[in-house]
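# Structural description and commentary
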Amino acid sequence: MGISRPSRPVLLTTAATAGALVLSALVPGSATADPTPRPVTREGSPLGDGRAAMTPEAAAERALGSAPAPGLTDERGRGYPRERKLTVPAENSTDKSIKLGLTPYHGIAPKLNELQRVGDRVSVEIAGRSAGGHQLYLVTVTAPESAREAARQERMRERIENAPAAAAKDKAIRASYKTPVFINNNIHGNEWEGTDAALKLIEKLAKAKDRKSRSLLAHNRLYFNITANPDGRIAGTRANAAGFDLNRDFVTASQPEARAIREIAVAKQPAVMIDLHGYVNGTLIEPTTPPHGENYEYDLFLKNSYANALGMEAAVNGLGYTQEKDGVKPAVIPFRDQEEGWDDWPPIFTPQYLPFHGAVATHTIEFPMQVNNAAYEREPVAELRRRAAINVDIAGAAMRASVDYADRHRTSLIADQIEVFRRGATGAKQGPVSEETVPGVPGIGPEDVYTTTFPRAYVIPAAGRGQRSATAAARLVDHLLANDVRVERAGHRFRLGGTTYPRGSYVVDMHQPKRGLANVMLADGRDISGKVSAMYDISGWSLGRLWGASVVSVKKGDLDRVRAREVRAASRVGQVAPRGDLRLRLDDPREIAAVNFLLAEGVSVRRDRDGSALVPSSARRTAAVAAQRYDVEFDATKAKGGAALHRTRVAAAVTPGELFALREMNFDVTPVSTAVLNAGFDWRGTDALFVSAGLDHDKLDATARAGLDRFLTGGGGLVGRGAAGAALNADAGLLAVRPVEGNGDANGVVRVANRGGTVTGGAPAHSFVYSPMWFTGLGSGVRVEQRYGSGDLLVSGHWRAVADGTGGPSAAAGRACVVSGTARGAGVVLFGTEPLFRDHPKGAFPQVGRALLSVDRRHSA
């Protein structure tokens, strides 16, 4: 009451280049908000430099492996320390850390082996392997525990989550439960310094003999993910070896590094976490500007995050660095110091994902002195090392302050974590933030209030009751379970919310501890275009709408009458009809993968009018292998089908996420780019060209241009996405369409209307857009495969018109967003949507898969 709200200066640009806030160096070695808006470029996109994704196939294969991180589960039941002699990697003189005077990846294992020998406080577990095959080291620092004591700690941890009302009254938890603190480092590979700060802090704690340190480790467990992205650390890249920005992957968890962090979150249940990044000057310390994730228990979160931020700010500023002497500006807390532009809306970032597992104080920390990208190449080694040393110092200060905060407030932190789980388990309402509910946090206003209304349950119907794809349903259920969301399966037909569902339907009871995570994945989300002028990253992501399964939100209902049992895994779908010819619906990426497997095995497959695949009964044995391998269902059919399908070999000038998705669908893919074609490319091994990035017709030399033209006029197919795909179509003189680009900052889940047939048969009624596009001026022979929905087409996300009033959703409504046709002998499909974005909208993947299988005219029957 009566607290004046401090001014929140507007952060004038929120454009993201390579996924990071665009920054400029106004003082030596610094980065600060740039007042000049710049175009958004998705992370990993090669649009700015003419290169396409060239991810090694081996990295994609490793990333596609879905096995959980074995090290954490294998270690349960043991006490601490859990010593492990690490295998030391071969020395790599090209490791980009070396130039900065930092620890190369091959130097981490020897250091950890040494620290484990110092005493009995340091343990090392293997949390998994990166896409590039490097081990991920999880270090625990705590006072020794017997196996019996470790088991007791685990029982208390489970009680906090699974019986929160009882845990709130448990005196043993208040007295002796160790507060879990998680420090995540180097998730962006070329933001190195958190790793070195962590190693220094671990060494200090391992050797400390003072009373305060002994008390700290007796009451807390400190977990350090030493480098979350060893691939990028070695290569000096933001992304991992598969080309993914790992700090955008937590909704989908497509990459093994993200899955390892997910397992840490589930197994260790941190109350406090910090994620170390660079480079923003002054040091940026979350909490964030609006909009705030509506599924959080944000009152509990803001109370702790803001208080911890103040402590980190004091520690960082207390190091004594100044702008005049060192080029270091004072620390910044966005919630307090900025109006908008650095939000915590999407749960794709580590600190925005961890709250759903009980963390009540999480932070991105951006240390100030730039040493990556152009600075890495431009600055003298001595200057780079000076900057890196400052960053290590600042990262260490943030770590020590967070650990001290957790130690001082461990009782209230655990009480708040328990309350998060209690609200979820009992279906209690969220507590809106205000100066009364979050005392001590100045400046809270109505722009900070984001809450949601949780449904009573979600139902994922079994096949036969509106379920689009049993395969998609099984994948979604397994994904929810991997995220520690509870799912039940009904043993009988039941009625809920006025609708009857068949036996075998899945039910997500929203009275559960991690309801926020269940809702953040399954809900539609919200159109927040009117709330803020721009967003830091994506604003819509619904798995309920984009993963291809039917998901029903049930507002009210009596779940006690639903006879269901909790499941540990989805029921397997894969089966083959016992007699007759077979039909495989190509409505799911696994079904596309299965048909590509059949084609590679030499099976004769034909396409039905709705785009599904018809398989002769003579191939039943091979179909059975595919059914089990890809968990898909082959139905019996009497249809005879039309054109024969052939194994489609794809040349792809695409983003890393798209390349990954193509390989997930089992396409034989060769990455290409302008440079690859100019170097001489043999088109004889290619049936279709997919272009979305990195291929500019105007920059091809005469020989390369002629080769591309011969490929297309000779019957090769083109699938294009976005501006690059549309430009190549126009430059090659193919489909007569006029592409219209919408607001380049726009993204989200949109309603669409499908024509059906070869490309969009079986497609969902929703898709995803990022820098949306549509097509007008459709010439003769152009077929509209999909249109944006009429009226209010944006379900969730952020999509405004640009300054002159154009480019908004009203301009796109009802317009063609996917078109196809044949021109100059080439089959062409163009997408204005983004159906393969970050390996995310899996329900839309088959549209691209079907398109690639259909555009090759050289093999058409």
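Described in the following lines is the structure provided in the data block.

What counts, and where the lines are drawn
- Residues numbered from 1 in each chain as written.
- Predicted model: local features only at pLDDT ≥ 70, side-chain atom pairs only at ≥ 80, totals over all residues.
- Heavy atoms only, no water.
- Helix = DSSP H or I, 4+ residues; strand = E, 2+ residues; numbered from the N terminus.
- Rg over C-alpha atoms; globule rule 2.2 N^0.38 Å.
- Buried < 20%, exposed > 50% of the residue type's maximum accessible area, 1.4 Å probe, protein only.
- Contact = heavy atoms within 4.5 Å.
- Expected span 1.5 Å × (residues − 1).
- Pairing = 2+ DSSP bridges.
- Axes fitted to C-alpha atoms, helices over the stretch in contact; angles between N-to-C directions.
- Salt bridge = Lys/Arg side-chain N within 4 Å of Asp/Glu carboxyl O.
- Parallel < 35°, antiparallel > 145°, perpendicular 65-115°, else oblique.
- Nonpolar A, V, L, I, M, F, W, Y, C, P; charged D, E, K, R; others polar.
- Polar contact = N/O pair within 3.5 Å; in protein donor to acceptor, adjacent residues only side chain to side chain.
- Core = buried A, V, L, I, M, F, W, Y, C linked by side-chain atoms within 4.5 Å.
- Right-handed = clockwise from strand over helix to strand, strands pointing away.
- Phe/Tyr/Trp six-rings, centres within 6.5 Å; stacked < 30°, edge-to-face > 60°.
- Lys NZ or Arg CZ within 6 Å of the ring centre and 35° of its normal.

### Focus: the overall build of the chain
On a plain count of helices and strands, the chain comes out with 28 helices and 38 strands. For 861 residues, the compact-globule formula gives about 29 Å, and the C-alpha radius of gyration of the chain, at 27 Å, lands near that figure. By principal-axis analysis of the C-alpha atoms, the chain measures approximately 80 × 65 × 60 Å. Within the chain, buried positions represent 62% of all 861 residues. Here the contacts in the chain between residues at least 6 apart in sequence split such that 79% fall between residues at least 24 apart.

### Brief notes about the environment of R629
Locating R629 in the fold gives a position in helix α22 (residues 620-630). Judged by relative accessible area, which is 53%, R629 ranks as exposed.

### Here's the deal with helix α10 (residues 256-268)
Look at α10: 18 Å from first C-alpha to last across 13 residues, which is about the 18 Å you get at 1.5 Å a residue. In terms of residue burial, α10 counts as a mostly covered element, since 13 of its 13 residues are buried. The positive-phi residue at the C-terminal boundary of α10 is Q269, with phi of around 55°.

### Side note on the sheet that holds strand β22 (residues 581-584)
Pairing in this open sheet of 6 strands is mixed, and the strands run β21-β25-β22-β24-β23-β26 from one edge to the other. Only two strands of the sheet have a single partner each, and these edge strands are β21 (575-576) and β26 (644-645). Pairing of strand β23 (residues 605-607) with β26, which is carried by 2 bridges, proceeds in the antiparallel orientation. The residue of β26 that forms the bridge with V605 is L645.

### Comments concerning the sheet that holds strand β19 (residues 552-554)
Reading across the sheet, the 5 strands line up as β19-β14-β18-β15-β20 and stay open at both edges, with antiparallel pairing between neighbours. Strands at the two margins of the open sheet, each flanked by one partner only, are β19 and β20 (564-566). Across the sheet, the mean angle from the axis of one strand to that of its neighbour is 30°, orientation sign disregarded. Where strand β14 (residues 457-460) lies against β19, 3 bridges are found, and the strand directions are antiparallel. When the sheet's bridge partners are listed, Y458 is paired in β19 with S553.

### Brief notes about unusual backbone geometry
With an omega dihedral of 10°, the bond running from Y80 to P81 counts as a cis peptide bond. Summarising the element assignment, P81 is placed in the loop between α2 (70-74) and α3 (105-118). Cis geometry marks the peptide bond from G278 to Y279, where omega comes out at 5°. Structurally, the position occupied by Y279 is in the loop between β9 (272-278) and β10 (284-285). Here N666, not a glycine, exhibits a phi torsion of approximately 70°, which is positive. Tracing the sequence through the fold places N666 in the loop between α23 (656-664) and β28 (668-671). One non-glycine residue with positive phi stands out, namely R824, at about 55°.

### Structural notes on the pattern of salt bridges
Across all of its chains, the model carries 49 salt bridges by this definition. Here K268 and E125 are joined by a salt bridge, their closest N and O atoms 3.7 Å apart. A residue pair is termed long-range when its members are at least 10 positions apart, and K268 in helix α10 and E125 in strand β5 (residues 122-129) qualify at 143 residues. Its relative accessible area of 7% is what places K268 among the buried residues. Accessibility expressed as a relative area gives 0% for E125, which makes it buried. K640 is the partner of D581 in a salt bridge, and the nearest nitrogen-oxygen pair spans 3.6 Å. Separated by 59 residues along the polypeptide, D581 in strand β22 and K640 in the loop between β25 (633-637) and β26 bring together distant segments of the chain. Among the residues examined, K640 registers a relative accessible area of 62% and is labelled exposed. If you follow the salt bridges from partner to partner, you end up with E191, R238, D245, R248, D537 and R838 in one network.

### Some remarks on the packing of helix α1 (residues 57-64) against α23
At a closest axis distance of 10 Å, the pairing of α1 and α23 adopts a crossing angle of 70°. The pairing of α1 with α23 is recorded here as roughly perpendicular in orientation. For the pair α1 and α23, the contacting residues are E57, A60, A63 and L64 in the first and F660, R663 and E664 in the second. Here the contact of α1 with α23 is composed, by residue class, of 4 nonpolar, no polar and 3 charged.

### Some thoughts on the side chain of D537
Position of D537 relative to the elements: it lies in the loop between α19 (515-522) and α20 (543-546). Assessed through its relative accessible area of 4%, D537 is described here as buried. Looking at D537, its side chain comes within polar contact range of the side chain of R248, at 3.0 Å. A polar contact is formed between the side chain of D537 and the side chain of R838, at a distance of 2.9 Å.

### Some thoughts on the nonpolar core
Counting 152 residues, the largest nonpolar core has L112 and F224 as its most contacted members. The element contributing the most residues to this core is helix α16 (residues 381-408), with 13 residues. In contact with L112, other than residues within four places in its own chain, are L86, V124, Y137, V139, L199 and I226. Within the second largest apolar cluster, 59 residues are counted, among which are L582, L584, V650 and A746.

### Here's the deal with the pairing of strand β29 (residues 688-691)
Of the two faces of β29, the one carrying A688 and F690 and the one carrying L689 and V691 are both buried. Alignment of strand β27 (residues 649-653) against β29, held across 4 bridges, turns out to be parallel. The partner of A653 across the bridge, within β29, is V691. By the bridge criterion, 4 bridges tie β29 to strand β30 (residues 717-721) in an arrangement that is parallel. Counted as the bridge partner of F690 is V719 from β30. In this view, the connection linking β29 to its parallel neighbour β30 by way of helix α25 (residues 702-713) has right-handed handedness.

### Some remarks on the packing of aromatic side chains
What describes a pair of aromatic rings is the distance from one ring centre to the other and the angle between the planes of the rings. Inspection of the entire model under this criterion finds 22 aromatic pairs. Pairing W345 with Y450 gives two aromatic rings, centres 5.7 Å apart and planes at 65°, and the pair type is edge-to-face. With a gap of 105 residues between them, W345 in the loop between β12 (343-344) and α14 (350-353) and Y450 in the loop between α17 (410-426) and β14 connect regions that are remote in the sequence. Across the pair, exposure class does not vary: W345 and Y450 are buried alike. With a centroid separation of 6.5 Å and 40° between ring planes, the pair formed by W774 and W799 is classed as tilted. In this pair, W774 sits in strand β34 (residues 773-776) while W799 sits in the loop between β36 (794-798) and α27 (809-812), placing the two residues 25 residues apart along the sequence. For W774, a relative accessible area of 3% translates into the label buried. Taking the relative accessible area as the measure of exposure, W799 reaches 3% and is therefore buried. Seen from the ring of Y80, R82 lies directly overhead, with NZ or CZ sitting 4.1 Å from the centre. Over the face of the ring belonging to W547 we find K842, whose NZ or CZ atom lies 5.7 Å from the ring centre.

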